[in-house]
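# Per-entry structural report
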Amino acid sequence: MTIDQSFYIGYISKTRGLKGELQLFFEFEDYQDLDIDVLFVEINKKLVPYFVENIKLQSNSTAYLNLEDVDHIDKAQPLVHKKLYLPNDKMPERDPDDFRLTDLKGFLVIDEVHGELGEIVEVQELPQQFIARVDFNGKELMFPLNDDLILGIDPEEEIIEVDLPEGLVELYSE
């Protein structure tokens, strides 16, 4: 399996105990809907399958799991900080009406005053709010995604219209 045939779900954050238990940190939003019986761990740019013996999901985007043949901390330690993937066919289906701010990646940003600013290259979720990173003339422009700044979202055309605070775009123009 290659990375193209899979999707990223998170990484192993640390070991727990001496019997090879691992903590997984999910960066996949709907982690509760995942069917995790085998995980693909990225090792040296290749995906290596590991079968899951048991997994206990937590409410804070983490899980504790045991993998087959990883029964000691010495076998678990090399897996810490490795990225985890699942095959594309295990991607949970989402209701088409379930639109989220993270879905704005790839959308064209049009400001009321400055016109086209560029494409959203990343949506970061911070504790207080979501932040959009835009490729603005080869520079990175960042702005919060909140109701005060968003004028409209067109999911069909993949366009988001915004009214950014005065001076923000100029700050990135210099």
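Residues numbered from 1 in each chain as written. Predicted model: local features only at pLDDT ≥ 70, side-chain atom pairs only at ≥ 80, totals over all residues. Heavy atoms only, no water.

- As recorded by an unreviewed UniProt entry, the protein carries the name Ribosome maturation factor RimM and is attributed to Sphingobacterium spiritivorum ATCC 33861.
- In the Function (unreviewed entry) part of its UniProt record, the protein is described as follows: "An accessory protein needed during the final step in the assembly of 30S ribosomal subunit, possibly for assembly of the head region. Essential for efficient processing of 16S rRNA. May be needed both before and after RbfA during the maturation of 16S rRNA. It has affinity for free ribosomal 30S subunits but not for 70S ribosomes."
- Quoted straight from UniProt, the Subunit (unreviewed entry) entry for the protein says "Binds ribosomal protein uS19." (UniProt positions renumbered as here; feature names shortened; annotations may be inferred.)

## A closer look at the overall build of the protein
- Along the backbone of the protein there are 2 helices and 12 strands.
- Counting only C-alpha atoms and orienting by the principal axes, one finds that the protein spans roughly 60 × 35 × 30 Å.
- The burial tally for the protein puts 37% of its 174 residues in the buried class.
- Carbon together with sulfur atoms contributes 46% to the accessible area of the protein, which is approximately 10800 Å² in total.
- Across the protein, 15 positive and 39 negative side-chain charges occur, with their mean positions spaced 15 Å apart. (Helix = DSSP H or I, 4+ residues; strand = E, 2+ residues; numbered from the N terminus. Buried < 20%, exposed > 50% of the residue type's maximum accessible area, 1.4 Å probe, protein only. Areas by Shrake-Rupley, 256 points an atom, 1.4 Å probe, with all protein chains shown as cover. Lys, Arg positive; Asp, Glu negative; His and termini not counted. Charge placed at Lys NZ, Arg CZ, Asp CG, Glu CD.)

## Some thoughts on the nonpolar core
- Formed by 23 residues in total, the largest nonpolar core has its most connected members in Ile9, Phe26, Leu34, Leu39, Leu67 and Leu79.
- Elements with a minimum of two residues in this core: strand 1 (6-16), strand 2 (21-26), strand 3 (38-43), strand 4 (46-57), strand 5 (62-67) and strand 6 (83-87).
- Setting aside chain neighbours within four positions, we find isoleucine 9 in contact with Phe25, Phe26, Glu27, Phe28, Leu34, Leu39, Leu84, Tyr85 and Leu86.
- Grouped together as the second largest cluster of nonpolar side chains are 20 residues, Val109, Phe136, Phe143 and Leu164 included. (Core = buried A, V, L, I, M, F, W, Y, C linked by side-chain atoms within 4.5 Å. Contact = heavy atoms within 4.5 Å.)

## A short note on the pairing of strand 1
- In the sheet, strand 1 pairs with strand 6 via 5 bridges, with the strands oriented antiparallel. Bridging from a neighbouring strand, glycine 10 pairs with leucine 84 of strand 6.
- Examined bridge by bridge, strand 1 and strand 2 share 6 bridges and lie antiparallel to one another. From the neighbouring strand, arginine 16 faces strand 2, where its bridge partner is glutamate 21. (Pairing = 2+ DSSP bridges.)

## Here we look at the UniProt feature "domain: RimM N-terminal" (unreviewed entry) in the protein
- In the numbering used here, UniProt assigns the "domain: RimM N-terminal" (unreviewed entry) feature to residues 9-89.
- Spanning residues 9-89, this segment combines 5% helix with 53% strand, and its end C-alpha atoms are found 13 Å apart.

## What to know about the domain arrangement of the protein
- For the protein, the domain assignment lists domain 1 (3-90) and domain 2 (101-172).
- A C-alpha centroid distance of 33 Å is found between domain 1 and domain 2. (Domains from an automatic or database assignment.)

## What to know about a negative patch on the surface
- The grouping of Glu112, Asp154, Glu156, Glu157, Glu161 and Asp163 at the surface amounts to a negative patch.
- By secondary structure assignment, the location of glutamate 157 is in the loop between strand 11 (150-154) and strand 12 (159-162).
- Judged by relative accessible area, glutamate 157 falls into the exposed class, the value being 56%. (Patch = residues over 30% accessible without salt bridge, like charges linked within 9 Å, V, L, I, M, F, W, Y side chains within 5 Å. Salt bridge = Lys/Arg side-chain N within 4 Å of Asp/Glu carboxyl O.)

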